[in-house]
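Structure at a glance
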Amino acid sequence: MHIHPKITPIYQTSVFKFEDLNEVEQYFGEPGSRYLYSRNGNPNSDELAAAVNRLEGGAGAVATGSGMAAIFAALLACCQAGDHVLCAADIYGGSSSLLDQELSRLGITVTYVPFEQLYSLGQLVQPTTRLLLAETMSNPLLRVADLRRLATECRQYGLKLVVDNTFATPLLTRPLELGADIVLHSVTKYIAGHSDVTAGVVVAKGEETAARLKQIGVLYGLTLSPMESWLAVRGLKTLRLRVREHSHNALAVAQFLSTQPSVRAVYYPGLPDHPQHMLAREQGGGLFGGMMSVLLADDEEVVNQFMRRSQRFPFAPSLAGVDSSLSYPLATSHRYLTVEQQAELGISTGLVRLSVGIEPVEELLQDLKQALK
Ligand SMILES: *Cc1c(COP(=O)(O)O)cnc(C)c1O
């Protein structure tokens, strides 16, 4: 009997069988011809990696157990003890904690680059500097980095450009085409898209880097399980539809919120008064994504009231699911920054981050209206 499933089944197996030594030799002699052991490779994790690799236009990709594992793999692919990295100051809290608390112990040092200084790195580059880590759209203020300019700046000093493209997705922006060397995602967010998977992926522009990433994935044990891979692939099939809806809804929500007297500021790249609006428009192909932050009064009770009243934006410290949610950077993602760092990044008591889902937009507007009353 031949079974011809339309989609890839879940290969829920940790290991693969071999008939004889010839087959074992085939595995080692003809890379890609067979599978051996799921940490080294599995049809489901390979399918996810290949799909994101295609979307990002890479030379190879590795699916990882989380977005953090993808960041770790990217940094290790370029750095060893004694090396130095530059990191945009506007960065996911986990990325800065990884650099400050863990990679520092491996002898890798970091300098944070304020947003205004991203295109003039000269003063910050050391002989041992290997790379710049930055996000296409930053968390939580949605500052947009000009990746083409960043790539030019990095090339001048021989630095690799590593881009966390989680917020933008390849639907808006493909960093490798703009000159980045490595692009990575928390697949947990838009790529999987349904708040039911923890995963990551890291994509290289060059084959050599792709091979390094693969080895790091296998030897550090960062690779992704079959079930999680399968769920992520399933989610990825609707990425295009979802991102379009997320973007349309978010623009409507941002426009609505900016008319509300109790909202002091709306940070959304799709609004004409956003400082990088024109860049975001060009780099995002006219879509601006589903993430925004809003500044309410700097008063915890005001924030609490808003959180309690809203029915469609439950507090859930993640993002990018089909259902809307909100998060609070001061207490979660940016909790462990110093008070000065928080202030520099504009993360204050009144700042609330919204992840706008794909629900009927009138329902979201209605909910926000009553929650802000
Ligand atoms: C969530 C997130 C990460 C970390 O991903 P995990 O899947 O939680 O490990 C990294 N970067 C950004 C921008 C994120 O939002």
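Residues numbered from 1 in each chain as written. Predicted model: local features only at pLDDT ≥ 70, side-chain atom pairs only at ≥ 80, totals over all residues. Heavy atoms only, no water.

**Concerning the overall build of the protein chain**
Rules: A run of H or I in DSSP becomes a helix once it reaches four residues, and a run of E becomes a strand once it reaches two; helices and strands are each numbered from the N terminus. Partly exposed residues are those whose accessible area sits between 20% and 50% of the maximum for their type, while under 20% is buried and over 50% is exposed, using a 1.4 Å probe and protein chains only. It only takes one pair of heavy atoms within 4.5 Å for two residues to be counted as in contact. Per-residue and other accessible areas follow the Shrake-Rupley method at a 1.4 Å probe size, with only the shown protein chains counted as cover for residues. Under the convention used here, Asp and Glu are negative, Lys and Arg are positive, and both His and the chain ends fall outside the count. Throughout, a charge is located at the NZ atom of Lys, the CZ atom of Arg, the CG atom of Asp or the CD atom of Glu.
Along the backbone of the protein chain there are 13 helices and 11 strands. In terms of its C-alpha atoms, the protein chain occupies a principal-axis envelope of roughly 75 × 55 × 35 Å. Within the protein chain, buried positions represent 53% of all 373 residues. Partitioning the contacts of the protein chain with sequence separation of at least 6, the portion at a separation of at least 24 is 73%. Summed over all atoms, the accessible surface of the protein chain reaches about 17000 Å², with 52% contributed by carbon and sulfur. Positive and negative charge centroids in the protein chain, built from 31 and 37 side chains respectively, lie 4 Å apart.

**Structural notes on the confidence of the model for the protein chain**
The following threshold applies: pLDDT measures how confident the predictor is about each residue, on a scale from 0 to 100.
Taken residue by residue, the protein chain gives an average pLDDT of 97. The fraction at 70 or more is 100%. Considering each helix and strand of the protein chain separately, the mean pLDDT is smallest for helix H12 (residues 339-344), with a value of 87, and largest for strand E7 (residues 200-204), with 99.

**Quick word on the pattern of salt bridges**
Going by this rule: Salt bridge, as applied in this entry: a Lys or Arg side-chain nitrogen positioned within 4 Å of an Asp or Glu carboxyl oxygen.
On inspection of all chains with the given rule, the structure shows eight salt bridges. Residue Arg174 pairs with Glu177 through a salt bridge whose shortest N-O separation is 3.2 Å. Given the relative accessible area of 55%, Glu177 is considered exposed. With its nearest N and O atoms 3.3 Å apart, the salt bridge here joins Arg308 to Glu301. For Arg308, a relative accessible area of 53% gives the class exposed.

**Comments concerning the pairing of strand E6 (residues 182-186)**
Taken residue by residue, a regular strand's side chains alternate between the two faces of the sheet. Our working rule: Two strands make a pair as long as DSSP finds a minimum of two bridges between them.
Where burial is concerned, most of E6 is hidden: five out of the five residues are buried. Summarising the sheet, strand E5 (residues 160-164) and E6 pair through three bridges and their orientation is parallel. Each bridged residue has a counterpart across the sheet, and for Val162 the counterpart in E6 is Ile182.

**Overview of the environment of Thr188**
In this fold, Thr188 is placed in the loop between E6 and E7. Separated by 13 residues in the primary sequence, Thr188 and Val201 place their C-alpha atoms 9.7 Å from one another.

**What about the nonpolar core?**
If you look at soluble globular proteins, the nonpolar side chains tend to sit buried side by side. What counts here: Nonpolar cores are built from buried Ala, Val, Leu, Ile, Met, Phe, Trp, Tyr and Cys residues. Side-chain atoms within 4.5 Å join them into one set. Throughout, the edges of the domains are those of an automatic or database domain assignment.
Of all hydrophobic cores here, the largest spans 79 residues; its most connected members are Leu132, Leu150, Leu257, Val266, Met292, Val352 and Leu354. A per-element tally of this core places helix H9 (residues 239-257) first, with seven residues. Residues lining this core come from more than one domain, with at least three contributed by each of domain 1 (21-236) and domain 2 (239-371). Sequence-distant contacts of Leu132, that is, excluding residues within four places in its chain, are made with Leu86, Cys87, Ala88, Val113, Leu118, Leu121, Leu150, Cys154, Lys160, Leu161 and Val162.

**Quick notes on the site of the ligand**
To keep it simple, the criterion reads: Proximity criterion: a residue is near a molecule or strand once any of its heavy atoms comes within 4 Å of it. Contacts described as polar in this section are N or O atom pairs within 3.5 Å, which, within protein, must combine one atom able to donate a hydrogen with one able to accept it, while residues neighboring in sequence count only if both atoms come from side chains. Note on residue categories: nonpolar means Ala, Val, Leu, Ile, Met, Phe, Trp, Tyr, Cys or Pro, charged means Asp, Glu, Lys or Arg, and polar means any other residue, Gly included.
Around the ligand sit 14 residues, and of these Met68, Asp164, Ser186, Thr188 and Lys189 come closest. Contact distances for the ligand include 2.8 Å between an oxygen atom and a backbone N or O atom of Met68. In this structure, an oxygen atom belonging to the ligand sits 2.8 Å away from a side-chain N or O atom of Lys189. For the ligand, the protein covers 91% of the area, taking 380 Å² as the surface of the free molecule. At three residues, the largest contribution of residues to the shell around the ligand is made by helix H3 (residues 67-78). Among the residues making up the shell around the ligand, the classes are represented as six nonpolar, five polar and three charged.

**Some remarks on the packing of aromatic side chains**
Our working definition: To pair, rings of Phe, Tyr and Trp, with the six-membered ring standing in for Trp, must have centres within 6.5 Å; the planes then decide the type, stacked if under 30 degrees apart, edge-to-face if over 60, and tilted in the middle. Only when the NZ of Lys or the CZ of Arg is both within 6 Å of the ring centre and within 35 degrees of the ring normal is a charge said to sit over the ring.
Throughout the structure, instances matching the rule amount to five aromatic pairs. Arranged with centres 6.4 Å apart and planes meeting at 85 degrees, the rings of Phe18 and Tyr27 form a pair that is edge-to-face. Here Tyr27 falls in the buried class, since its relative accessible area comes to 18%. Their ring planes at 90 degrees and their centres at 5.5 Å tell us that Phe72 and Tyr220 sit as a pair that is edge-to-face. Placement of the pair is Phe72 in helix H3 and Tyr220 in the loop between helix H7 (207-219) and helix H8 (226-236), with a sequence separation of 148 residues. Since its relative accessible area comes to 49%, Tyr220 is described here as partly exposed. Three or more aromatic residues link up through ring pairs in this structure, and these residues are Phe18, Tyr27 and Phe28. When the ring centre of Tyr119 is taken as origin, the NZ or CZ atom of Arg149, which lies over that ring, is 4.0 Å away.

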